[in-house]
Amino acid sequence: TGFQTCALPILRGLRGYAAGATQVKAVLRDVYGTETVVEESRYIADNALGAGSSEYSYQVGRDSAGSPGGLQLRGVHRLGVSERLTLTARLEAQKGYAAIQLGAVVPVAGLGEFGANVMTGRASAGPRPTGYSLSHQYSDQAWSTQVALSQRPAPMLLDTGVVATQVLREVSVQGSYA
């Protein structure tokens, strides 16, 4: 008597095959040979994870270019809370500098993906490292756009050997057409 398309595995398992706006067509055939065609518009997000999925990267080391503060610790952990919400936590630390960033990615059907992050931390000199970023990404089979606005701190080593922060402000607009 009918199907709920959100429960079809083919519609949930498309991540990694196609990103952006797409048409999904599934032909369902019951044991009597009756066919039902289900066609839907979907937006498959590039940066969102599925419910219960996680992605992480943790690094400890020293930058060969002589980074400020010597030994560094960096990490990122992403968690797919649902099909429509992915949370992110980032950590960066070194002598005289530490920062944490929390963010989210939300795919919205027909509109693309929206992302937001906030950041705070501490430095041994200079202003308190705080920042934010806002982003939007949309793509389909023919074209894609990405817009981002951010303000973020970057550690820098002063002549006195103290780690301070400088503020980097960026606006990025990208697009492509195939």
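This report concerns the structure included in the present document. (Residues numbered from 1 in each chain as written. Predicted model: local features only at pLDDT ≥ 70, side-chain atom pairs only at ≥ 80, totals over all residues. Heavy atoms only, no water.)

Looking now at the overall build of the chain. Looking only at helices and strands, the chain features one helix and 10 strands. Per-residue burial over the chain gives 31% buried out of 178 residues. A sequence separation of at least 24 residues applies to 38% of the contacts in the chain between residues at least 6 apart. Carbon and sulfur atoms make up 56% of the accessible area of the chain, which totals about 11,400 Å². (Helix = DSSP H or I, 4+ residues; strand = E, 2+ residues; numbered from the N terminus. Buried < 20%, exposed > 50% of the residue type's maximum accessible area, 1.4 Å probe, protein only. Contact = heavy atoms within 4.5 Å. Areas by Shrake-Rupley, 256 points an atom, 1.4 Å probe, with all protein chains shown as cover.)

Moving on: the side chain of Gln-94. Its location among the elements puts Gln-94 in strand β5 (residues 85-94). With a relative accessible area of 9%, Gln-94 lands in the buried category. Within the structure, Gln-94 has its side chain in polar contact with the side chain of Gln-72 (distance 3.0 Å). (Polar contact = N/O pair within 3.5 Å; in protein donor to acceptor, adjacent residues only side chain to side chain.)

For the rest of this paragraph, the subject is the sheet that holds strand β10 (residues 163-177). Strand order across the open sheet formed by eight strands is β3-β4-β5-β6-β7-β8-β9-β10, with antiparallel pairing between neighbours. Each of the sheet's edge strands pairs with one partner strand only, and the pair in question is β3 (54-62) and β10. With direction set aside, neighbouring strand axes in the sheet form an average angle of 10 degrees. (Pairing = 2+ DSSP bridges. Axes fitted to C-alpha atoms, helices over the stretch in contact; angles between N-to-C directions.)

With that settled, the discussion passes to the pattern of salt bridges. Evaluated as defined, the whole model comprises four salt bridges. Across the salt bridge formed by Glu-92 and Arg-74, the nearest N and O atoms sit 3.8 Å from each other. Of this pair, Glu-92 sits in strand β5 while Arg-74 sits in strand β4 (residues 71-82); the two residues are 18 residues apart in sequence, bridging distant segments of the chain. Among the residues examined, Arg-74 registers a relative accessible area of 35% and is labelled partly exposed. We note a salt bridge from Arg-152 to Glu-170, for which the minimum N-O separation is 3.6 Å. (Salt bridge = Lys/Arg side-chain N within 4 Å of Asp/Glu carboxyl O.)

Relative to strand β9 (residues 143-157), strand β8 (residues 130-139) runs antiparallel, the two being bridged by eight bridges. Note that in β9 the partner of Gln-137 across the bridge is Gln-146. The antiparallel pairing of β8 with β9 creates a hairpin that spans three residues between the two strands. When β9 meets β10, the two strands line up antiparallel, connected through 15 bridges. Its bridge partner lying in β10, Leu-149 is registered against Val-171.

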